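# Structural features, examined
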Amino acid sequence: MKVEKVAINNVTLEIRKEKVIKFLMGSKDRPGFVYSFFRYFLLIVIGFIYLYPLFYMISTSLMSLDDLLDVSINWIPSQFYIDNYINAAKAMDLWKTFIQSIIVAAVPTIIQVCSCAVIGYGFARFEFKGKRIMMGILLFSFILPKQVIMMPTYELYTKLGLIGSLNSFNLPALSGQGLNAQIFILIFYQFFRQLPQSLIEAAQIDGAGNIRTFLRIAVPSAAPAILVVFLFSFVWYWNESYLTSMFVAGLGSRTANDWSTLVVELKHFEDIYAQYNQNNQEQLRSINESIKMAGTFMTILPLLLMYAFLQKYFVESVDRTGITGE
Amino acid sequence: MKSKVGRKKSGLKRREALAGYMFVSPWIIGVIMFLIVPLGQSFYYSLCSVKVSPKGRKFSYIQFQNYTDIFRLDVTFVENLIRYLLNTLISVPVIVVFALIIAMLLNDKNGKMKGKGFFRTIYFLPVIVVSGPVMMQLADQGATSISAMNVSGITEVLESFLPLFLVEPIVNVFNNMILILWYSGVQILIFLAALQKVDDSLYEAAKIDGGSAWECFWKITLPIIKPMILLNAIYTVIYVSSNEMNVIINSIYNDMFAVNRGFGFASAKAWLYSVVVVVIVGFFAIVLRNKDTYQAEIKKFEKQAAKRERERRRLLRRQARRSKLSRLRIGGGV
């Protein structure tokens, strides 16, 4: 009797043990606990490292000078202190710069989306002599560092009188040579190639010309690609500082104006801060890390907000546009 | 009749081609205006000494002196260029491998994983935020390195068995760990998209044959996503090279408007730099090129089939000719 009980106990123990092992190591159908735990652990830790600079930025920007100097305060400020933001906003002339940033980013982007769609359609839909060479040049121009053609381009713009106006962004965008236009042309190229040929043929049998086919059939079906190109182009123009200050603001040229974007202001943050103190009666607090971080955060805040609302389109863009090739 | 059909077809083709040129024409104009002509000009500049005078710019041809001057006068540039070369060669594989690991952690086919979208959002976030001035500010504050990591300890260990010129770029990777992670947002997505397109039945077949997950990775996953690895490597090289944090780019910009150096010298620098970039891209393209994959085999096979088909046709034609001849001969005989 007793022996039997022990045996049964042993068996249940065995079963339990097996269950535990199965739970930990997983079976063929589902991954085990150890694996899942490991996976989530890694993802969360790396995710934290990813966001670390942002956390650091937000936390530092909310610290007053006392908090900053206090060794015992590391992450959480002793009080909610927004004076840094007010100071930074004043120095950057936030509203004016913000609106100018949007204009500088949006206008060339809209032009770029239109021109890249047309060019991508041309490459995807038609067969013509020299297409392969042109595609080769397209890829090559992506690899080539932009600095090589910077100087002659500057000369050219000076001759055309484009320096110091937004047209120095618009004109290249119009001719498919804007910021990272090669990527966008390729995105449209991939997208239009996946468009069923029969759709286009049907339209042409019904008497639509090439332009009409493009506008009525190709463009409406390319909505996801258009959105992706628009978003990326906007972000990249927004983040561009060197070309903006050289071409649009015309820094150091005769036709210079006071166009400026948030990113450009951030680049010369210390200078503009000192300048503000010089020119105005009202003095700002002397510059410190917190104020710099506040300025940085304000520069990226619009993009973060945009990302918060539209992240689905950003993240799914790579799948949708078929960059990975079908 | 036959010729008419042929002409009609070529007419349609011509019309197609014309429409194609029409759609692409903005790009053609743009390329000539903003790429090819400036490229030629900049090469000419790099062979000239450009002097700014009140009447305008004066060019005097001085052959390759600008290029030799880079090595003679601007020692830091050459040093930076070599450092950039080593840094890129080391950090690009790190970025690509890291992106692949993250993509594989995020990849799940059955949709059982929770929070996948959330993680994807986090890992893609830096792509939106990253820009020269922002990174500069963050790097100034030391927010781009992991403070818990003991870099000096790593340096010591590395110095004991590696030559000094290799230690620096590796330490650099550790120092700017977060920056390097931040550069891999797009790459993660590209890998993820590629991983999701891998056919599940391949893994099942491998499992039935007793393949472990480790073997599956090396024998199935890696060969299939190999083209994506090349794409990502090239993308990373270009991303790193056109970055505003890059010391070389800044030195080129500064020389452009410097009085003593000027356009010619800056152009020569830019040309040297682009040669280095193209060489790096070429290096990765050669290392990661598609050797002997399934697709290549298919292509080879198709080529052979086409050749056989051609030969068969030729034989048929010859036979037809012969029979015609013999028939003629017979006819003539009669």
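Residues numbered from 1 in each chain as written. Chains lettered and ligands numbered in written order. Predicted model: local features only at pLDDT ≥ 70, side-chain atom pairs only at ≥ 80, totals over all residues.

## Structural notes on the domain arrangement of chain B
All names here are of chain B. Put simply, the rule is: The domain limits used here are those given by an automatic or database domain assignment. Contact definition: two residues whose C-beta atoms, as placed from backbone geometry, lie within 7 Å. Put simply, DSSP marks the helices as runs of H or I at least four residues long and the strands as runs of E at least two long, and each gets a number from the N terminus on.
Once the domains are mapped, chain B shows domain 1 (2-65) and domain 2 (76-130 + 183-296). The interface of domain 1 with domain 2 comprises eight residues on the first partner and seven residues on the second. Contributing elements (two or more residues each) for the side of domain 1 that touches domain 2: helix 1 (2-46) and strand 1 (48-53).

## A word on the interface of chain A and chain B
Under the convention used in this document: Under the scheme applied, nonpolar residues are Ala, Val, Leu, Ile, Met, Phe, Trp, Tyr, Cys and Pro; charged residues are Asp, Glu, Lys and Arg; polar residues are all the others, including Gly.
On the chain B side, the residues contacting the 66 residues of chain A number 68 residues. Counting residues per element, the ones that place at least two in the side of chain A that touches chain B are helix 2 (33-61), helix 5 (94-125), helix 6 (131-143), helix 7 (150-160), helix 8 (167-174), helix 12 (223-239), helix 14 (262-267) and helix 16 (289-321) of chain A. No other element matches helix 16 of chain A, which puts 13 residues into the side of chain A that touches chain B. A breakdown of the residues in the side of chain A that touches chain B according to their chemical character gives 41 nonpolar, 17 polar and eight charged.

## As for the nonpolar core
The criterion, for reference: As used here, a nonpolar core is made of buried Ala, Val, Leu, Ile, Met, Phe, Trp, Tyr and Cys residues. They are joined through C-beta atoms within 7 Å. Exposure classes come from backbone-placed C-beta atoms, where a residue is buried if 20 or more other C-beta atoms lie within 10 Å of its own, exposed if 12 or fewer do, and partly exposed in between.
One finds Cys116(A), Phe188(A), Ala103(B) and Phe191(B) to be the most contacted residues of the largest nonpolar core, which totals 139 residues. Among the elements that line this core, the one with the most residues is helix 14 (residues 262-287) of chain B, at 11 residues. Those residues in contact with Ala103(B), other than ones at most four positions away along the chain, are Ile188(B), Phe191(B), Leu192(B) and Leu195(B).

## Focus: the packing of helix 10 (residues 197-205) of chain A against helix 11 (residues 210-221) of chain A
When two helices pack together, their arrangement is captured by the angle between the axes and the distance separating the axes. Residues and elements named next belong to chain A. Filter applied, for reference: Axis definition: a line fitted to C-alpha atoms, over the contacting stretch in the case of helices. Angles run 0 to 180 degrees between N-to-C directions. For classification purposes, angles smaller than 35 degrees are called roughly parallel, those larger than 145 roughly antiparallel, those between 65 and 115 roughly perpendicular, and all remaining angles oblique. Left-handed describes a crossing whose near helix is turned anticlockwise from the far helix through less than a right angle; right-handed describes the clockwise counterpart.
For the pair helix 10 and helix 11, the least separation of the axes is 10 Å and the interaxial angle reads 135 degrees. When the axis of helix 10 is compared with that of helix 11, the two are oblique. Note that helix 10 runs across helix 11; the crossing there is right-handed. Taking contact as the criterion, the partners of Leu199, Ile200, Ala203 and Gln204 in helix 10 are, on helix 11, Thr213, Arg216 and Ile217.

## Notes on helix 12 (residues 226-241) of chain B
Residues and elements named next belong to chain B. Note the cut-off: For a helix, the expected span equals 1.5 Å multiplied by the residue count minus one.
Between the first and last C-alpha of helix 12 there are 23 Å, a value that for 16 residues agrees with the 22 Å anticipated at 1.5 Å per step. Looking at helix 12, one finds that the buried residues are Met228, Ile229, Leu231, Asn232, Ala233, Ile234, Tyr235, Thr236, Val237, Val240 and Ser241. Elements in contact with the buried residues of helix 12: helix 3 (75-106), helix 9 (185-196) and helix 14.

## Here's the deal with the domain arrangement of chain A
In terms of domain boundaries, chain A breaks down into domain 1 (2-82) and domain 2 (93-267). Between the C-alpha centres of domain 1 of chain A and domain 2 of chain A the distance comes to 45 Å.

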